[in-house]
Amino acid sequence: MFAKQLTVFIENRTGRLSEVLGVLKDHNINILSLSLADTTEFGLLRLIVNNAAQGKEALTENGFSSLLSDVSIIQIPHKSGSLRELLKVIDENGVNIEYMYGLSIESDSAYVVLKASDVEKVDKILTENGVRTISCEELANL
Amino acid sequence: MIWNETKECMSRDQMTALQSARLVKLVDYMYHNVEFYRKKMQSVGIMPGDVKSIEDIVNLPFTTKDDLRDNYPFGLFAVPNSQIVRIHASSGTTGKATVVGYTRKDLDIWAECVARCMTMAGVTKDDVIQIAYGYGLFTGGLGAHDGAQKIGATVVPMSTGNSKKLTTMMVDFGATAIACTPSYLLHISEVLAEEGLLDQIKLKYAICGAEPWTEKMHKEIESRLNIKAFDIYGLSEVMGPGVACDCEYHRGLHVCEDHFYPEVLNSATLSPVADGETGELAFTTLTKEGIPLIRYRTKDLTSLDRTPCECGRTSARISRFKGRVDDMLIIRGVNVFPSQIEAALVEVDEVTPHYMMIVDRVNNLDTLEVQVELDQKYYTDEVRKIEALTKKIAHVIQQALGLSAKVKIVEPQSLVRSQGKAVHVIDNRKLYEN
Ligand SMILES: [Zn+2]
């Protein structure tokens, strides 16, 4: 199962990040996790929100371009080294992991957002390995 | 010292007579050797015999950079390639370069003109001169080189790019003169200061050109290095550096007007204005064989002064430049047109056609930043892709301009769209005094 991630390209200018967050807040979009990949010139703000499509719409209305992309939100099994095992399997299947960041939606369980070079293949691997992933619907109900 | 007193100190009547005789010959030569000019003259109903003196020049059609581009590469050459001994090229308004060719005689005259200019600055056969213009298709390096060699000075062909080597050799060789762009010389002065070499140099003169500079920069160069600095002017279409240069009185640049006839034109009517009035500078190459040009519009704004100078020279002087009539920029001595960036960006699908050039001068070196907008279609969530795109665009611009630029990808829709003539350039340098 995929979830939708919202990405916003922002120039490294004062206040730009808070403007984006402000727009989302004004439209009651709930941010569940975010990661900011930044360079000296620009940043890519990646967001997991309760409703990515609505978030994109709100940003567009306010003059921000954004992108919806498929990512896997993976529940990390309660076993030491399990994430590492999982990454190893993905690796062995020749899929590159573009980036990963954490997500905390349940107090007793950890999640990671994973973007791979081949999202569908990763999804298949995850299903085969019995790993729980979170869908858009689930996010909306959080 | 005056290199060629006969030519540089002629009476006005003698000069007019010489220019007239040369123009008559030139028009006849071009009519018979350059199809483009023959057709152009026929279209306005002028035959070689109609031009009897320099005053008749106003009846002749103009030449523009576009004419050179349209006849790329050799269409305006008046001689077969067997007589061309050198080619130079500069950037055109679009992808195509502006190509010029020189016969052996053209190169001799070029060296003669540069020798006059360098002598005006004080250079003699006893000097050691570092030529720190780029050597190559650009006319700066080889043009200055040949002139300094003609004088008999000890020529050190440094070219550009290695400031450390330049300053080391300046000290070790006891260089007494340097030819480079004024901004590069200011940069060199900083390098010398950082290395603590300022009191070890023997530099006396600098012959600076290839970009406009202000009186303030002139004074700064002179005081920082404790030298005398001179302004040399030229453009590759007409010849290269050495078309004009200023003397120790700095009352405008003496034009080698026995070879290049200057006119200053009213920007609207294109008729010559009175001496002292500002307009667009045009040159007619009176003696060139390879690619002679009639009334070539330089797009540089200046005024003419034909009164004799205190230095003893009688040649016409053009004032320090007051600007340009087009949008050409000179960045690190390289001519750049915004249209070149536009043409280059068309090749890159990932960005919109909107762009902004930001030109600045940091530590006396010109910087160019090109801002481009990411196209919505190519929006990405990966930093790597944006960085790869930045590199790709920088490469495309480098290829188009021959100049490295810093590329900055900006948010979609963030560059200003204007209804009328779009503003594509922010030039933070102060190059002209108004
Ligand atoms: Zn003078």
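These figures come from a predicted structure and were not determined experimentally.

Basis of the calculations
Residues numbered from 1 in each chain as written. Chains lettered and ligands numbered in written order. Predicted model: local features only at pLDDT ≥ 70, side-chain atom pairs only at ≥ 80, totals over all residues. Heavy atoms only, no water. Helix = DSSP H or I, 4+ residues; strand = E, 2+ residues; numbered from the N terminus. Rg over C-alpha atoms; globule rule 2.2 N^0.38 Å. Buried < 20%, exposed > 50% of the residue type's maximum accessible area, 1.4 Å probe, protein only. Contact = heavy atoms within 4.5 Å. Areas by Shrake-Rupley, 256 points an atom, 1.4 Å probe, with all protein chains shown as cover. Lys, Arg positive; Asp, Glu negative; His and termini not counted. Charge placed at Lys NZ, Arg CZ, Asp CG, Glu CD. Arc of directions from axis to C-beta. Buried area = accessible area lost by both parts, 1.4 Å probe. Salt bridge = Lys/Arg side-chain N within 4 Å of Asp/Glu carboxyl O. Polar contact = N/O pair within 3.5 Å; in protein donor to acceptor, adjacent residues only side chain to side chain. Donors = N, O, S within 2.8 Å, 3.2 Å for Na, K, Ca; no water. Pairing = 2+ DSSP bridges. Axes fitted to C-alpha atoms, helices over the stretch in contact; angles between N-to-C directions. Disulfide = S-S within 2.5 Å.

(A) Local environment of the overall build of chain A. Regarding its fold elements, chain A presents five helices and six strands. Relative to the globule expectation of 14 Å for 142 residues, the C-alpha radius of gyration of chain A, 16 Å, shows essentially globular dimensions. Expressed as lengths along the three principal axes of its C-alpha atoms, the size of chain A is roughly 40 × 35 × 25 Å. Across the 142 residues of chain A, 46% fall into the buried class. Look at the contacts in chain A between residues 6 or more apart in sequence, and 67% of them connect residues 24 or more apart. Surface accessibility of chain A: about 7,200 Å² in total, with carbon and sulfur atoms responsible for 47%. In chain A, 13 positive and 20 negative side-chain charges are present, and the distance between their average locations comes to 3 Å.

(B) Geometry of helix α4 (residues 119-128) of chain A. Residue and element names in this part refer to chain A. Taken residue by residue, α4 has V119, V122, D123, I125 and L126 as its buried positions. Angularly, the buried residues of α4 cover 160° about the axis, an arc narrow enough to put them on a single face. Residues of α4 that are exposed and point over 90 degrees away from its buried face: E120, K124, T127 and E128. Where α4 is buried, its residues touch β4 (66-76), α3 (82-92) and β6 (109-116). Looking at the residues trailing α4, positive phi occurs at G130, about 65°.

(C) Broad picture of unusual backbone geometry. All names here are of chain B. Going from Y72 to P73, the amide bond is cis rather than trans, its omega being -5°. As for its position among the elements, P73 is in the loop between α4 (65-70) and β1 (84-91). For S159, which is not a glycine, the phi torsion comes out positive at approximately 60°. Positive phi outside glycine occurs at R332, with the angle close to 50°. Residue R332 is classed as partly exposed on the basis of its relative accessible area of 34%.

(D) Quick look at the interface of chain A and chain B. At the interface, 22 residues of chain A touch 17 residues of chain B. Taking both partners together, chain A and chain B bury about 1,700 Å²; carbon and sulfur atoms supply 53% of that area. A salt bridge links R384 of chain B to E98 of chain A, with the shortest nitrogen-to-oxygen separation between them at 3.0 Å. Remark: the boundary between chain A and chain B carries 13 residue pairs in polar contact (both at pLDDT 80 or more). Counting residues per element, the ones that place at least two in the side of chain A that touches chain B are β1 (3-11), β3 (42-49), β4 and β5 (97-106) of chain A.

(E) How the structure looks around the coordination of the zinc ion. Residue and element names in this part refer to chain B. For the zinc ion, the full set of protein donor atoms is C247 (SG), H254 (NE2), C309 (SG) and C311 (SG), at a range of 2.1 to 2.3 Å. Written as a sequence motif, the donor arrangement for the zinc ion is C-x6-H-x54-C-x1-C. Look at C247 and you get buried, because its relative accessible area is 0%. A relative accessible area of 1% means that H254 is categorised as buried.

(F) A look at the sheet that holds strand β8 (residues 240-246) of chain B. Residue and element names in this part refer to chain B. Taking strand neighbours across the sheet as the criterion, the nine strands line up as β4-β3-β5-β6-β7-β8-β9-β14-β13 in an open arrangement whose pairing is mixed. One side of each edge strand has no neighbouring strand; the edge strands of this open sheet are β4 (154-156) and β13 (304-305). Bridge count between β8 and strand β9 (residues 253-255): three bridges; the pairing is antiparallel. Looking at the pairing, D246 lines up with L253 of β9. Sheet strands in contact with helix α5 (residues 104-121) are β3 (128-131), β5 (177-180), β6 (205-209), β7 (228-235), β8 and β9, and its direction is about 30° off that of β8.

(G) Focus on the sheet that holds strand β11 (residues 279-285) of chain B. All names here are of chain B. As summarised here, the arrangement of the four strands in space is β10-β11-β12-β15, forming an open sheet in which the pairing is antiparallel. The strands lining the two open edges of the sheet, one partner per strand, are β10 (260-265) and β15 (323-324). Looking at chain direction, β10 and β11 are connected through six bridges and run antiparallel. When the sheet's bridge partners are listed, P262 is paired in β11 with F283.

(H) Summary view of the state of the cysteines. Residue and element names in this part refer to chain B. Within the structure shown, the criterion is met by zero disulfides over all chains. The cysteine C9 is free of any disulfide, with C311 supplying the nearest cysteine sulfur at 7.1 Å. Of all cysteine sulfurs, the one in C117 lies closest to C245, which takes part in no disulfide; the gap is 4.4 Å.

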